[in-house]
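# Understanding the architecture of this molecule
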Amino acid sequence: QKEVEQNSGPLSVPEGAIASLNCTYSDRGSQSFFWYRQYSGKSPELIMFIYSNGDKEDGRFTAQLNKASQYVSLLIRDSQPSDSATYLCAGYMDSNYQLIWGAGTKLIIKP
Amino acid sequence: SQTIHQWPATLVQPVGSPLSLECTVEGTSNPNLYWYRQAAGRGLQLLFYSVGIGQISSEVPQNLSASRPQDRQFILSSKKLLLSDSGFYLCAWSVAGGPLSYNEQFFGPGTRLTVL
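Now for a quick tour of the structure. (Residues numbered from 1 in each chain as written. Chains lettered and ligands numbered in written order. Predicted model: local features only at pLDDT ≥ 70, side-chain atom pairs only at ≥ 80, totals over all residues. Heavy atoms only, no water.)

## Observations concerning the environment of Leu76 of chain B
Residues and elements named next belong to chain B. Threshold: The numbering of helices and of strands both runs from the N terminus, where a helix is a DSSP run of H or I of at least 4 residues and a strand a run of E of at least 2. Any two residues whose heavy atoms approach within 4.5 Å are treated as being in contact.
Secondary-structure assignment places Leu76 in strand β8 (residues 73-78). Remark: the alpha-carbon pair of Leu76 and Cys91, spanning 15 residues in sequence, is separated by 9.3 Å. Excluding residues within four positions of it along the chain, Leu76 makes contact with Leu19, Ser20, Leu21, Trp35, Leu47, Phe48, Leu64, Ser65, Ala66 and Tyr89.

Written as structure tokens, this is what we have:
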């Protein structure tokens, strides 16, 4: 069973600090990973994707992928209250057009 | 640019009644299409996906069905709703083929279904 696991949280971070969200996956053949943000009552929106080992930066967001450890993370710098949401990690692990989804981590940024 | 529409936004239905949710995508051709359900406080459960007109793959056996009568239209149906069908229904699309980065999925606004 191919799985993506996330700590459900909530993860509480003070405003202005770095929020670190983590995700592990079971399939070593995995290819690309995606981070989505979902506000309460809304649909998920894509933040960024990563498919190469290392870091990928986009504004205040940095995605990190370590294929040897089967680990993906998302760092949010200078956290703002508007970053409070549930963050979903998803992995594309084979060629059947599907993403495997984690259950999400709830992030709370405290002013 | 591409946009995805879903309707209705909210729906309250009695147990045993039929269901029809519609999703349409604009601005792209031959997309992969997906139906997900999200129970309150839970993750996304893939229900159906489609890689072309009339091609539907089911992931979870249940009383729901899906159809794709046109390239950019995806419909989720049920003949008789159960209480357990309540949830947030999301339609998504992705680009068919292309480089790995194109496997990202883009979601519609969702339909919140309550079965009473």
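## Description of the nonpolar core
The cut-off we apply is this: Take the buried residues of types Ala, Val, Leu, Ile, Met, Phe, Trp, Tyr and Cys, join any two whose side-chain atoms come within 4.5 Å, and each joined set is a nonpolar core. Three exposure classes are used, based on accessible area relative to the maximum for each residue type with a 1.4 Å probe and protein chains only: buried under 20%, partly exposed in between, and exposed over 50%.
Counting residues in each nonpolar core, the largest one holds 22 residues, and the members touching the most others are Trp35, Ile47, Val72, Leu74, Ile76, Tyr87 and Leu107 of chain A. Residue assignment for this core shows that the elements contributing at least two residues are β3 (19-25), β4 (32-38), β5 (45-50), β7 (61-66), β8 (71-76), β9 (85-92) and β11 (105-110) of chain A. Counting 19 residues, the second largest nonpolar core, distinct from the first, contains Leu33, Trp35, Leu47 and Val115 of chain B.

## So, the sheet that holds β8 of chain A
Residue and element names in this part refer to chain A. Inclusion rule: A pair of strands is treated as paired once DSSP finds two or more bridges between them.
One open sheet accounts for five strands, arranged β1-β3-β8-β7-β6; its pairing is antiparallel. Taken across any chain shown, the strands that pair with only one partner, and hence form the sheet edges, are β1 (4-5) and β6 (54-58). Here two bridges tie β1 to β3, and the two strands are oriented antiparallel to one another. Note on β3: the bridge partner recorded for Glu5 is Thr24.

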